[in-house]
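# Results of the structural survey
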Amino acid sequence: MAKSSPILLLVITHAIALVNAEIFTALTTLTKALQYEKSLAGNLREYVKLEQERLQKVLELADSYERHAETALVDAESYVANPVNAYLFVKTFTTDLPKTKELVSGKQNSEEFLQLLEDYQPYLPDEEDFEGVVAAILRLQDTYQLTSQQIADGTFTPTNRSPPMSALDCFNFGAFAHKYQDHYHALIWMDEAYQRLQQESNHTVSPSSVLDYLAFACYNQGNVHHAKHWTLEWLKLEPNHDRALSNILYFNKEIEQEQAKLESEGQSTPHPDVLPSLKNPRVTDEYRSGKEFQVYEALCRGEDVLPNPHVHKLSCYYTTSGDNPLLVLAPVKVEEYYLDPYIVLYHDVISDKEIKIIKEISTPMLKRATVNDPATGKLVTAHYRVSRSAWLKDEMNDTIQTLSNRISAITHLNMEQAEDLQIQNYGIGGQYEPHCDHARRHKEMSAFPPEEGNRIATWIYYVS
């Protein structure tokens, strides 16, 4: 028995050493784990901070949507009738809404919200609407000779103002013009964007991007000195930008060639530190440069460009149209505008109730308006007619029949051969450029059935 004791002692000693080693290893691991725990606490706090910031952005968006809706719904029709309000509204759902989706996507309970957005999508403006409203505002700018500042400040309509536009909004207008190689508007709006950047403490768009577009527009409008100036400003922000550096070399070469040409012709060259006058011609096609289109735009501005030779013969009067039974108790108020051709304005010949009914019936039916293509005889969309239209038959509603009967009573025209009541919604900046409702050339007659013939008169109800 005594001989086996050293062996037992050795085993016990070895076991104790092994246990101590395991305890030592465990303590080392736990010490590191405690350090990781401390880091984990900091990481969790950082995560919570980022989540709070994200949620704060979501709340701010919710507040923004709510404030906007409450303001607009006070008088929704009047609100969206302001083109800038319409733009800002459409922008919310085309450029801002994706940011909202990004903030909530992949988060807990986000599936229901994202599904709601999908359900709303058919009723919300899309990218086509966004481009359409920008194009419309540029069209209004040209027609009414508005400055970019007037539009961006929201002061071009004294009774229906809009919030001021940001540098980013102005940039969007310039970028749209650039996309369609409209360097005239691109220059105007990129310059406005740059001016507004100087007033923003937190830039809404990259100054380098604005300067890049602005220089390009200046160059394409024949202002190489200005293009160089704005590119140098760009290089102050990004000194190593390859394309900007390359552009400077290109502009310098063009300026040298320009100066050499002026010197060879004996003309003085501009001082290198003084920018020449900025050129920005509005390039239009032959028709839009012609007198007819210029008169059209002037008439839109309310200018008196067509003297009326019969103005001294014009009068206002009441008429029962030959004692028509429909008018005896309610004579029509007539205001003569022109005698040849005969143009008159009938006052109060459609009620607010009738207007409401017509709008309710026609709104779901509105589609992009078309014109007749003389070459094919088919109806097609056209850039010179921007509106949505619908056609209402008399039998669709008693109100439509009543309006047709009223037209017949006032004009003595037989409505059996009249076309259906055409509804036109021109929206923001919609238009139909100068045209005649009747066919002026034989090839245009294909627009009308042979048994009905050409149009002889047009009646227009103004309902908004």
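Each remark here, short or long, concerns the structure printed above.
The paragraphs below set out a description of the structure included in this document. (Residues numbered from 1 in each chain as written. Predicted model: local features only at pLDDT ≥ 70, side-chain atom pairs only at ≥ 80, totals over all residues. Heavy atoms only, no water.)

For histidine 203, the position within the fold is in the loop between α8 (183-197) and α9 (207-220). Histidine 203 sits in the partly exposed class, given a relative accessible area of 46%. Spatially, the C-alpha atoms of histidine 203 and leucine 168 are 8.4 Å apart, while their sequence positions differ by 35 residues. Of note is the side chain of histidine 203, whose polar atom sits 3.4 Å from the backbone oxygen of leucine 197. (Helix = DSSP H or I, 4+ residues; strand = E, 2+ residues; numbered from the N terminus. Buried < 20%, exposed > 50% of the residue type's maximum accessible area, 1.4 Å probe, protein only. Polar contact = N/O pair within 3.5 Å; in protein donor to acceptor, adjacent residues only side chain to side chain.)

The sheet built from three strands is open, its strands ordered β4-β8-β9 with antiparallel pairing. Bordering the open sheet on either side are β4 (367-368) and β9 (421-425), each of which pairs with just one other strand. Pairing between β4 and strand β8 (residues 388-392): two bridges, direction antiparallel. Opposite arginine 368, over in β8, you have arginine 388 as the bridge partner. On top of the sheet, helix α14 (residues 352-362) reaches β8 and β9; it is set at about 105° to β8, its chief contact. (Pairing = 2+ DSSP bridges. Contact = heavy atoms within 4.5 Å. Axes fitted to C-alpha atoms, helices over the stretch in contact; angles between N-to-C directions.)

Glancing now at the sheet that holds strand β1 (residues 316-319). As summarised here, the arrangement of the three strands in space is β1-β2-β3, forming an open sheet in which the pairing is antiparallel. Since the sheet does not close on itself, it has two edges, and those belong to β1 and β3 (343-347), each with one partner. Taking the axes of each pair of neighbouring strands and ignoring which way they run, one obtains an average angle of 35° across the sheet. Alignment of strand β2 (residues 332-338) against β3, held across five bridges, turns out to be antiparallel. The residue bridging tyrosine 338 from the neighbouring strand is isoleucine 343, located in β3.

Quick look at the side chain of glutamate 131 now. Looking at the secondary structure, you find glutamate 131 in helix α5 (residues 127-143). Every residue in contact with glutamate 131, bar those within four places of it in the chain, is listed here: Phe176, Lys179 and Tyr180.

Between its terminal C-alpha atoms helix α15 (residues 398-411) stretches 20 Å, which fits the 20 Å expected from 14 residues at 1.5 Å a residue. All of the buried residues along α15 are Thr399, Ile400, Leu403, Ser404, Ile407, Ala409 and Ile410. Elements in contact with the buried residues of α15: β2, β3, α14, β8 and β9. Where α15 begins, the capping side chain belongs to asparagine 397, and its oxygen is found 2.8 Å from the backbone nitrogen of threonine 399. Looking one or two residues beyond α15, the residue adopting positive phi is histidine 412, at roughly 65°. (Expected span 1.5 Å × (residues − 1).)

Another aspect to go through is α5. For α5, with 17 residues, the first-to-last C-alpha span of 24 Å sits near the 24 Å given by 1.5 Å per residue. Turning to α5, its buried residues number three or more, namely Phe130, Glu131, Val133, Val134, Ala136, Ile137, Leu138, Gln141, Asp142 and Thr143. The inward-facing, buried residues of α5 abut α3 (83-104), α6 (148-153), α7 (167-179), α8 and α13 (291-300). Put simply, aspartate 126 is the residue that caps the front of α5, since its side-chain oxygen is 3.1 Å from the backbone nitrogen of glutamate 128.

Helix packing geometry: the angle between the two helix axes and the distance between the axes. Contact geometry of helix α10 (residues 224-237) with helix α11 (residues 242-264) gives a least axis separation of 9 Å together with a crossing angle of 155°. If you check the angle between α10 and α11, you find them roughly antiparallel. α11 is crossed by α10, and the crossing has left-handed handedness. Residues Val224, His225, Ala227, Lys228, Thr231, Leu232, Trp234 and Leu235 of α10 pack against Arg243, Ala244, Leu245, Asn247, Ile248, Phe251, Asn252, Glu254, Ile255 and Glu258 of α11. In terms of residue class, the contact of α10 with α11 is made up of 10 nonpolar, four polar and four charged. (Parallel < 35°, antiparallel > 145°, perpendicular 65-115°, else oblique. Left-handed = near helix turned anticlockwise from the far one by under 90°. Nonpolar A, V, L, I, M, F, W, Y, C, P; charged D, E, K, R; others polar.)

This part is about the pattern of salt bridges. All told, the structure shown has 17 salt bridges when counted by the stated rule. Notably, a salt bridge pairs aspartate 153 with arginine 196, separated by 2.6 Å at the nearest N-O pair. Of this pair, aspartate 153 sits in helix α6 while arginine 196 sits in helix α8, and the two are 43 residues apart along the sequence. A relative accessible area of 28% means that aspartate 153 is categorised as partly exposed. The partner of arginine 455 in a salt bridge is glutamate 419, with the nearest N and O atoms 2.7 Å apart. Here arginine 455, found in the segment after β10 (431-432), pairs with glutamate 419, found in the loop between α15 and β9; they are 36 residues apart in sequence, far enough to count as distant. A relative accessible area of 30% places arginine 455 in the partly exposed class. (Salt bridge = Lys/Arg side-chain N within 4 Å of Asp/Glu carboxyl O.)

In this section: a nonpolar patch on the surface. Where nonpolar side chains cluster on the molecular surface, the patch consists of Leu299, Val305 and Leu306 and spans about 260 Å² of accessible area. Following the sequence through the fold, leucine 306 ends up in the loop between α13 and β1. (Patch = residues over 30% accessible without salt bridge, like charges linked within 9 Å, V, L, I, M, F, W, Y side chains within 5 Å. Areas by Shrake-Rupley, 256 points an atom, 1.4 Å probe, with all protein chains shown as cover.)

Attention shifts here to the pairing of β2. Judged from the four bridges that link them, β1 and β2 form a sheet pairing that is antiparallel. Bridged to cysteine 316 within β2 is glutamate 335.

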